[in-house]
Amino acid sequence: MTDTRNPEDRGQLKRRTVLAAGGAAVTAVGVGGAFAAGASAQEETAADACYTLTSELVEGPYYIDADKIRQDVTEDQEGIPLALALTVIDAETCRPLRDAAVDIWHCNALGVYSGYESNGSGGGGGGPAPTDAPSGTPTGEPPSGPPGGGGGHQEPTDDERYLRGTWRTDRHGRVTFRTVFPGWYQGRCVHIHVKVHVDGEWSDAGYEGGHTCHTGQLFFDEASVLLTADEEPYSTNAAARTPLDEDTIYPGNGHEGGLLYLRYDRRHIARGVHARLTLGVEPDATHDGQDSPPQPTASASASAS
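Calculation notes
Residues numbered from 1 in each chain as written. Predicted model: local features only at pLDDT ≥ 70, side-chain atom pairs only at ≥ 80, totals over all residues. Heavy atoms only, no water. Helix = DSSP H or I, 4+ residues; strand = E, 2+ residues; numbered from the N terminus. Buried < 20%, exposed > 50% of the residue type's maximum accessible area, 1.4 Å probe, protein only. Contact = heavy atoms within 4.5 Å. Areas by Shrake-Rupley, 256 points an atom, 1.4 Å probe, with all protein chains shown as cover. Disulfide = S-S within 2.5 Å. Pairing = 2+ DSSP bridges. Axes fitted to C-alpha atoms, helices over the stretch in contact; angles between N-to-C directions. Patch = residues over 30% accessible without salt bridge, like charges linked within 9 Å, V, L, I, M, F, W, Y side chains within 5 Å. Salt bridge = Lys/Arg side-chain N within 4 Å of Asp/Glu carboxyl O. Lys, Arg positive; Asp, Glu negative; His and termini not counted. Charge placed at Lys NZ, Arg CZ, Asp CG, Glu CD. Core = buried A, V, L, I, M, F, W, Y, C linked by side-chain atoms within 4.5 Å.

Once that is clear, we can look at the overall build of the chain. Check the secondary structure of the chain and you find two helices and nine strands. Taken from the N to the C terminus, the helices and strands of the chain come in the order β-α-β-β-β-β-β-β-α-β-β. Relative to its 305 residues, the chain shows a buried fraction of 49%. Long-range pairs, those at least 24 residues apart, make up 83% of the contacts in the chain with a sequence separation of at least 6. When the accessible surface of the chain is split by element, carbon and sulfur atoms take 48% of a total near 14000 Å².

What follows is the structure, encoded as structure tokens:
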């Protein structure tokens, strides 16, 4: 959806309309495979999330205003199944936010964003090593700003929309997505982008109006990423990978900064990963992710255990 805001109105989302995806909606998210002994599990309590604001981070250049109302965003993308469960709460009152619209988007196993395929891995080249001699000339605009998601928005180069979607929170503030474990590209650690929109209206056509109260990113601990790197198709990703504690966007403050709680079998991560997090937001505020990237603080290694 084209953003019709004037420059002076960037802080408010004046009109936001999305169209429902065709076909039946997915109503449940699951990951195949049981969690056997040796599974990695991290627990989150209400006390951990209550009264804690989740860090606001940059939107990045590859956001496309949600045009797919769906829980399963996988389409035909290969990768380790990922079930993502998010709970959105008012950080001041700890009450769940019902009927919020939650967007997620991320690159595929080889670091490519849908809508920007001609730009290559991470929107700026890289990715798997070429198998044939190059032909023709590069297409698409080079990314602006620092590597990994800073800079202004870029217009899409194609109509692909895999690994992108929007869904509605239930009365408990919960929303679930089915996707694949993201890959990586030069300049960034493994991550998922997320936005939360409130005060809009849902209809058969989708979601309209309201404003963006949270823009953030979700992160994965190093142990899980290293395990995925041994699995296909991640093992064919030749792009340089940035560790979590060297990322220029991750604020280094653990789950408050978007570090996901993960559950998976360390011996068989290819069977699937469950990820979850509570997002504490300010419903009356507007955070559209247009600010400058934050500077990382302390090392995230300890919080990634």
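Next comes the rest of the description.
In total, this model carries one disulfide according to the counting rule given. With its sulfur 1.5 Å from that of its partner, Cys50 forms a disulfide with Cys94. Measuring handedness by torsion sign, the sulfur bridge of Cys50 and Cys94 sits at about 100 degrees and is right-handed. With a gap of 44 residues between them, Cys50 in the loop between α1 (46-49) and β2 (81-90) and Cys94 in the loop between β2 and β3 (101-105) connect regions that are remote in the sequence.

Right, let's talk about the pairing of strand β8 (residues 261-265) for a bit. In terms of burial, β8 is a largely internal element, four of the five residues being buried. Sheet analysis places β8 next to strand β9 (residues 273-281), joined by three bridges and oriented antiparallel. Residue Tyr261 lies in a different strand from β9, and its bridge partner there is Arg276.

This part is about the sheet that holds strand β7 (residues 206-219). Read across the open sheet, the four strands follow the order β4-β3-β6-β7; overall the sheet is antiparallel. In this open sheet, the two strands that pair with only one neighbour each are β4 (164-168) and β7. If you compare each strand with its neighbour and ignore which way they point, the axes differ by 20 degrees on average.

There is a patch of like negative charges on the surface, built from Asp76, Glu78, Glu117, Asp159, Glu160 and Glu232. Within the element layout of this structure, Glu160 appears in the loop between β3 and β4.

Soluble globular proteins: nonpolar side chains tend toward being buried together. One finds Leu84, Leu86, Leu218, Phe220 and Leu279 to be the most contacted residues of the largest nonpolar core, which totals 45 residues. The set of elements that each furnish at least two residues to this core consists of β2, β3, β5 (174-180), β6 (191-203), β7, β8 and β9. When sequence neighbours within four positions are dropped, the list of residues in contact with Phe220 reads Leu82, Phe181, Pro182, Val190, His191, Ile192, Val225, Leu244, Leu259, Leu260 and Leu262.

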